[in-house]
Amino acid sequence: MASAKKAVLGPLVGAVDQGTSSTRFLVFNSKTAELLSHHQVEIKQEFPREGWVEQDPKEILQSVYECIEKTCEKLGQLNIDISNIKAIGVSNQRETTVVWDKLTGEPLYNAVAAPVSPGPSDPAAVVPSGSSVPAAGASSVWLDLRTQSTVESLSKRIPGNNNFVKSKTGLPLSTYFSAVKLRWLLDNVRKVQKAVEEDRALFGTIDSWLIWSLTGGASGGVHCTDVTNASRTMLFNIHSLEWDKELCEFFEIPMKILPNVRSSSEIYGLMKAGALEGVPISGCLGDQSAALVGQMCFQDGQAKNTYGTGCFLLCNTGRKCVFSEHGLLTTVAYKLGRDKPVYYALEGSVAIAGAVIRWLRDNLGIIKSSEEIEKLAKEVGTSYGCYFVPAFSGLYAPYWEPSARGIICGLTQFTNKCHIAFAALEAVCFQTREILDAMNRDCGIPLSHLQVDGGMTNNKILMQLQADILYIPVVKPSMPETTALGAAMAAGAAEGVGVWSLEPEDLSAVTMERFEPQINAEESEIRYSTWKKAVMKSMGWVTTQSSESGDPSIFCSLPLGFFIVSSVVMLIGARYLSGMP
């Protein structure tokens with residue numbers, strides 16, 4: 001029985017999916033794209049100061065080893081021979097920044113995250129000389145806001161008529177990307193400064209840290225990244241596909257600490273430890289590019305939206321860079337082989353998607369579990385004129401407005417927690433509509449449908465709302481693990497592995513669930529225009545004067561004081577509402 005099962009399965013491919021809140025390892029059948037087994041480990045986030053988000057790189061690495069071991073054990077219990085795993089791909093949270101010692105393999109600081117959105121300066125974001133900084137490993141997570149003052153000083157050095165940063169990288173100067181977090185580490189962490197001076201420091205995003213560690217670390221680990229992750233650092237020229245000398249000089253980043261840039265699909269090195277020792281690591285994609293590949297968006301104009309902590313909408317623009325006039329980012333979509341062409345994408349990000357559900361649960365106590373929001377929203381089927389703009393740390397595309405803060409408006413005495421829950425789901429959909437509108441204007445070709453993935457797509461109310469608000473069909477694959485699938489496809493298709501064909505005729509047909517609009521176009525437009533009015537009300541709440549003046553008082557900005565007081569009032573009101581029938 002067991003041997004028959006093994007014979008049917010054929011070659012398998014594993015995928016590491018390393019995100020902000022968890023790490024997973026998944027194993028797929030390369031012939032059918034069927035998910036055979038997986039394991040997940042939660043990852044802690046550390047908040048040493050307001051607006052700072054960090055993670056321990058060693059914990060991240062250990063979680064990868066644990067997920068691989070546990071998944072292999074589960075495969076054994078299914079009588080599946082792990083020697084059938086022929087390759088491993090890596091998909092990762094992008095922009096999160098790690099610096100480590102190449103001689104010892106030890107991180108020099110925690111991973112510093114990219115900010116959920118460009119936000120205002122935090123009064124404590126700049127470490128005065130002589131102040132201590134938290135030490136642990138060196139990694140900056142993508143949600144982190146500490147670099148706002150760095151961005152402000154750098155922006156003054158860019159000529160108004162020559163934004164060479166954006167023209168070379170496709171990115172606006174923002175706290176979101178790795179270069180400014182690396183600059184902060186070089187300015188504020190003595191261990192990092194010393195390691196650079198002594199030629200011991202290596203920099204990378206999470207993919208680089210993992211691949212270097214898994215392929216031997218201090219004993220010959222491969223220091224590399226792929227084009228998709230490199231394109232999110234603000235140091236990479238997306239036209240020449242190389243680290244850019246002018247950009248590195250502008251940010252004062254020593255090029256010797258940067259990883260080698262490779263394609264998204266080639267053998268980087270072999271696993272040097274664990275149950276899969278000797279298996280090649282041969283795929284690497286930033287998480288959103290991986291989802292684009294996993295959704296098989298290989299044609300110009302195909303787009304996907306991933307609903308996670310935030311939302312990330314990518315549209316494949318083919319072999320040409322399309323520069324947005326409407327606040328979107330131009331980024332590398334993928335390069336599936338050393339000799340294969342590079343493909344580009346337009347990207348728009350919604351700062352707060354799944355995070356708003358967590359906020360309702362953890363901060364307001366309106367729900368006890370994330371799944372409960374669908375039940376609450378279903379009870380009322382409407383927000384009853386209530387609109388929720390969850391701009392907790394500013395607005396992303398298409399506004400890029402750091403002064404915005406979250407508001408709930410349109411409240412009446414009739415409003416209860418069910419209406420607020422419904423409004424929270426609508427907020428995710430309205431934000432997606434804003435990005436899609438911008439994308440349509442930039443590309444000139446309106447999307448006929450939207451492909452979706454991510455944990456929130458299990459919420460049928462949300463998916464139906466999205467179809468209604470976009471007024472186009474929303475299409476969801478029955479196999480939701482598209483990010484890991486994309487990394488596995490890249491790894492299995494690599495030269496020297498060759499167990500996964502990316503030819504259109506060989507790609508497995510994926511069954512889809514389709515949500516059609518169920519309201520008329522006029523109602524959809526009315527709701528959308530009211531949302532835009534609410535967004536305007538959310539802007540201009542915070543100024544950065546507090547950080548510049550050096551006044552540590554949180555109330556030194558009057559609008560910020562009003563914001564905090566109103567938040568407390570909202571919190572008390574929400575707890576009252578949650579106790580009402």
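Residues numbered from 1 in each chain as written. Predicted model: local features only at pLDDT ≥ 70, side-chain atom pairs only at ≥ 80, totals over all residues. Heavy atoms only, no water.

## Digging into the overall build of the protein chain
Thinking step 1. The helix and strand tally for the protein chain stands at 18 helices and 24 strands.
Thinking step 2. Split into buried and exposed, the 581 residues of the protein chain put 60% on the buried side.
Thinking step 3. As presented, the protein chain carries roughly 22100 Å² of accessible surface, and 54% of it is formed by carbon and sulfur atoms. (Helix = DSSP H or I, 4+ residues; strand = E, 2+ residues; numbered from the N terminus. Buried < 20%, exposed > 50% of the residue type's maximum accessible area, 1.4 Å probe, protein only. Areas by Shrake-Rupley, 256 points an atom, 1.4 Å probe, with all protein chains shown as cover.)

## A word on the sheet that holds strand 18 (residues 329-334)
Thinking step 1. Across the sheet, seven strands lie side by side as 18-19-17-16-22-23-24; this open sheet has mixed pairing. One side of each edge strand has no neighbouring strand; the edge strands of this open sheet are strand 18 and strand 24 (512-515). Ignoring which end each strand starts from, the neighbouring axes of this sheet average 30 degrees apart.
Thinking step 2. Of the pairings in the sheet, the one linking strand 18 to strand 19 (residues 343-350) comprises five bridges and is antiparallel in character. If you follow V332 over to strand 19, its bridge partner there is Y344.
Thinking step 3. Against the sheet, helix 13 (residues 417-443) engages strand 16 (303-307), strand 17 (311-318), strand 19 and strand 22 (450-453), with an angle of about 145 degrees to strand 19. (Pairing = 2+ DSSP bridges. Axes fitted to C-alpha atoms, helices over the stretch in contact; angles between N-to-C directions. Contact = heavy atoms within 4.5 Å.)

## Considerations on the sheet that holds strand 1 (residues 12-18)
Thinking step 1. Taken together, the six strands give an open sheet; going across it, the order is 3-2-1-5-15-14, and neighbouring strands pair in mixed fashion. The sheet is open, and its two borders are formed by strand 3 (35-42) and strand 14 (265-270), each paired with just one other strand. Strand after strand, the sheet turns through a mean of 25 degrees between neighbouring axes, direction not considered.
Thinking step 2. As defined by bridge partners, strand 5 (residues 85-92) adjoins strand 15 (residues 280-286) across five bridges and the pair is classed as parallel. Its bridge partner being in strand 15, S91 is matched across the sheet by L285.
Thinking step 3. In the packing of helix 2 (residues 57-77) onto the sheet, contacts are made with strand 1, strand 2 (22-29), strand 3 and strand 5, and the angle to strand 3 comes to roughly 145 degrees.

## A closer look at the confidence of the model for the protein chain
Thinking step 1. Averaged over every residue, the pLDDT of the protein chain is 85; the share at 70 or more is 86%.
Thinking step 2. Here residues 1-7 scores under 50 on pLDDT; set against residues more than four positions off or in separate chains, the count is five contacts.
Thinking step 3. Low confidence marks residues 116-140, where pLDDT is under 50. Its contacts with residues over four positions away, or in another chain, come to 112 contacts. (pLDDT = per-residue confidence, 0-100.)

## Side note on empty space enclosed by the protein
Thinking step 1. Per the counting criterion, the structure on display carries one cavity of 30 Å³ or more.
Thinking step 2. Space inside the largest cavity adds up to approximately 60 Å³.
Thinking step 3. What lines the largest cavity is S349, V350, A351, L395, Y396, A397, Y399, Q431, E434 and W531.
Thinking step 4. By residue class, the composition of the lining of the largest cavity is seven nonpolar, two polar and one charged. (1 Å grid on protein atoms, 1.4 Å probe; cavity = no way out; pocket = protein on both sides within 12 Å on 5 of 7 lines; lining within 4 Å. Points joined across faces, edges and corners; volume = space filled by probe spheres on them. Nonpolar A, V, L, I, M, F, W, Y, C, P; charged D, E, K, R; others polar.)

## Details of the environment of R262
Thinking step 1. Along the chain, the position of R262 falls in strand 13 (residues 260-262).
Thinking step 2. With a relative accessible area of 22%, R262 lands in the partly exposed category.
Thinking step 3. On a C-alpha basis, the gap between R262 and D226 in space is 4.7 Å, while along the polypeptide they are 36 residues apart.
Thinking step 4. With near-sequence residues (within four places) excluded, R262 lies in contact with V222, C224, T225, D226, V227, I267 and Y268.
Thinking step 5. Within polar-contact distance, the side chain of R262 engages the side chain of E266 at 2.8 Å. (Polar contact = N/O pair within 3.5 Å; in protein donor to acceptor, adjacent residues only side chain to side chain.)

## Considering the state of the cysteines
Thinking step 1. According to the stated counting rule, one finds zero disulfides in the structure shown.
Thinking step 2. Just so you know, C224 is unpaired, no disulfide at all, and the nearest cysteine sulfur is the one on C284, 6.7 Å from it.
Thinking step 3. For C224, a relative accessible area of 0% puts it in the buried group.
Thinking step 4. The thiol of C315 is not disulfide-bonded; the next cysteine sulfur, from C443, is found 4.3 Å away.
Thinking step 5. Taking relative accessible area as the criterion, C315 reaches 3% and is therefore assigned buried. (Disulfide = S-S within 2.5 Å.)

## Examining the nonpolar core
Thinking step 1. Ranked by internal contacts, the top residues of the largest apolar core, which has 113 residues, are M234, F251, Y307, L360 and L450.
Thinking step 2. Setting aside chain neighbours within four positions, we find L450 in contact with A303, K304, N305, Y307, L313, T432, L436, L470, I472, P473, V474 and V475.
Thinking step 3. Core analysis: the second largest hydrophobic core is formed by 36 residues, V27, I88, V98 and C224 among them. (Core = buried A, V, L, I, M, F, W, Y, C linked by side-chain atoms within 4.5 Å.)

## Thoughts on the pairing of strand 5
Thinking step 1. Strand 5 sits mainly inside the fold: seven of its eight residues count as buried.
Thinking step 2. Where strand 1 lies against strand 5, seven bridges are found, and the strand directions are parallel. Directly across from V16, in strand 5, lies its bridge partner V90.

## Regarding the pattern of salt bridges
Thinking step 1. Inspection of the entire model under this criterion finds 28 salt bridges.
Thinking step 2. Notably, a salt bridge pairs R514 with E516, separated by 2.7 Å at the nearest N-O pair.
Thinking step 3. Note on E516: relative accessible area 39%, which makes it partly exposed.
Thinking step 4. One salt-bridge network, in which partners are shared between bridges, spans R94, E95, R232, D287 and E347. (Salt bridge = Lys/Arg side-chain N within 4 Å of Asp/Glu carboxyl O.)

## Section: the environment of W541
Thinking step 1. Relative to the helices and strands, W541 resides in the loop between helix 16 (521-538) and helix 17 (545-549).
Thinking step 2. Taking the C-alpha atoms as reference, W541 lies 9.2 Å from P402; in sequence the two are 139 residues apart.
Thinking step 3. Within the local environment of W541, its side chain forms a polar contact with the backbone oxygen of K537, the two atoms lying 3.1 Å apart.
Thinking step 4. A distance of 3.2 Å separates a polar atom in the side chain of W541 from the backbone oxygen of S538.

## A word on the packing of aromatic side chains
Thinking step 1. Considering all chains together, one arrives at 18 aromatic pairs under this definition.
Thinking step 2. When the ring of Y334 is compared with that of Y343, the centres are 5.1 Å apart and the planes differ by 25 degrees; the resulting orientation is stacked.
Thinking step 3. Residue classification places Y334 among the buried residues on the basis of a relative accessible area of 3%.
Thinking step 4. Counting every residue linked through ring pairs, the aromatic cluster contains Y387, F430, Y528 and W531.
Thinking step 5. A cation sits over an aromatic face here: R433 above Y528, 3.9 Å from the ring centre. (Phe/Tyr/Trp six-rings, centres within 6.5 Å; stacked < 30°, edge-to-face > 60°. Lys NZ or Arg CZ within 6 Å of the ring centre and 35° of its normal.)

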